[in-house]
Amino acid sequence: MERLEEKTGYRFKNRQLLATALTHSSYANERHADGCQSYERLEFLGDSILSMVTAEFLYAHEPVLPEGRMTRLRAELVCEASLHKVALGLGLGKYMRLGKGEEHTGGRERPSILADMVEAIIAAMYLDSGMDEARRFIMEKILDGAEISDTHRSADYKTELQELVQRKSNQHISYELTGESGPDHNKLFTFRVLINGEPSGEGSGRTKKEAEQMAACKALEVLKG
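Predicted model only: the values in this text are computed from it and were never measured. (Residues numbered from 1 in each chain as written. Predicted model: local features only at pLDDT ≥ 70, side-chain atom pairs only at ≥ 80, totals over all residues. Heavy atoms only, no water.)

Undergrad: Which parts of the structure should I look at to understand the packing of aromatic side chains?
TA: Applying the stated rule across the entire model yields one aromatic pair. Ring geometry for tyrosine 10 versus phenylalanine 12: centroids 4.8 Å apart, planes at 80°, classification edge-to-face. Owing to a relative accessible area of 6%, phenylalanine 12 belongs among the buried residues under this scheme. Over the face of the ring belonging to tyrosine 27 we find arginine 31, whose NZ or CZ atom lies 3.8 Å from the ring centre. Just above the ring of tyrosine 175 sits the side chain of lysine 158; from NZ or CZ to the centre is 4.7 Å. (Phe/Tyr/Trp six-rings, centres within 6.5 Å; stacked < 30°, edge-to-face > 60°. Buried < 20%, exposed > 50% of the residue type's maximum accessible area, 1.4 Å probe, protein only. Lys NZ or Arg CZ within 6 Å of the ring centre and 35° of its normal.)

So this is what it looks like as C-alpha cells:
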C-alpha cells in the first residue's frame, strides 16, 4: 500500500478506499460473506470525475475548438489505451486483488481491468480528500504532456479511414461489435473494423461510437505503417 501511495503521490487517510479500488469483482464474489466490495462503484464515479476534469482541461486550453471535436479529443485522451499506460506506470498489476479464476486467465495483465482500476483510484482519492487531489492525479498522470496537435484537433478517424480506403475502387468498410463488459450504467464496448471483410483494427470505448473511432484509429496506424 505504501509503495503504491508513493507512486500515486497521495497518502490515503482511509486505506480501505484504496483496497476497494484494487479489488476485482471475482475476488469480492469469493469473499461476499465478509462484505468485500469490488471497484465497480468506484470506477463509475471515477469515470465521471475523469471526464469532467478532462473537459475542463480542454475548455481552458482549446478556446476555439468546437464541441464535437472536443468530445472526440476527450475520448482519445481518456480511452482504455491511455489509462492502461498509466496503470502500467503505477505497476497496478501487482497490487490488484483477483479471484482464482481471473488470476488464471491473465486478469492481472488485462488492459480493460487495469484501465478500470485507474478510474477507481481517482474516485477513491476524491472520496478520501476531495476534488483537488483527484484533479492533481489526473493532471499529473493522464493529461500532463498530452499532445493536442492539429492532427488531434481534427481527428475523425472513421472519416479519415473511409477517405483513405476509398482511394481504391470497390473497397468496403464495416464495423462489428465483438464484445461488451461492465455493468449497465458503465459499459465498455469493443468494435472491430473490417476492410473488404478482413479484420483491420479493434478498439474499445464507453460508447459504441467511441469504440468504432478507436477501431478506425488502429486500422489507420496499420495502413500508414
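Back to the write-up after that little detour.
Undergrad: How should I be thinking about the pairing of strand S1 (residues 173-181) in this particular structure?
TA: Across a regular strand the side chains alternate sides, sitting on one face of the sheet and then on the other. With eight bridges joining them, S1 and strand S2 (residues 188-195) adopt antiparallel strand pairing. Bridging across to S2, glutamate 176 finds its partner in arginine 192. Hairpin connection of S1 to S2: six residues between the antiparallel strands, including glycine 182 at a positive phi of 95°. (Pairing = 2+ DSSP bridges. Helix = DSSP H or I, 4+ residues; strand = E, 2+ residues; numbered from the N terminus.)

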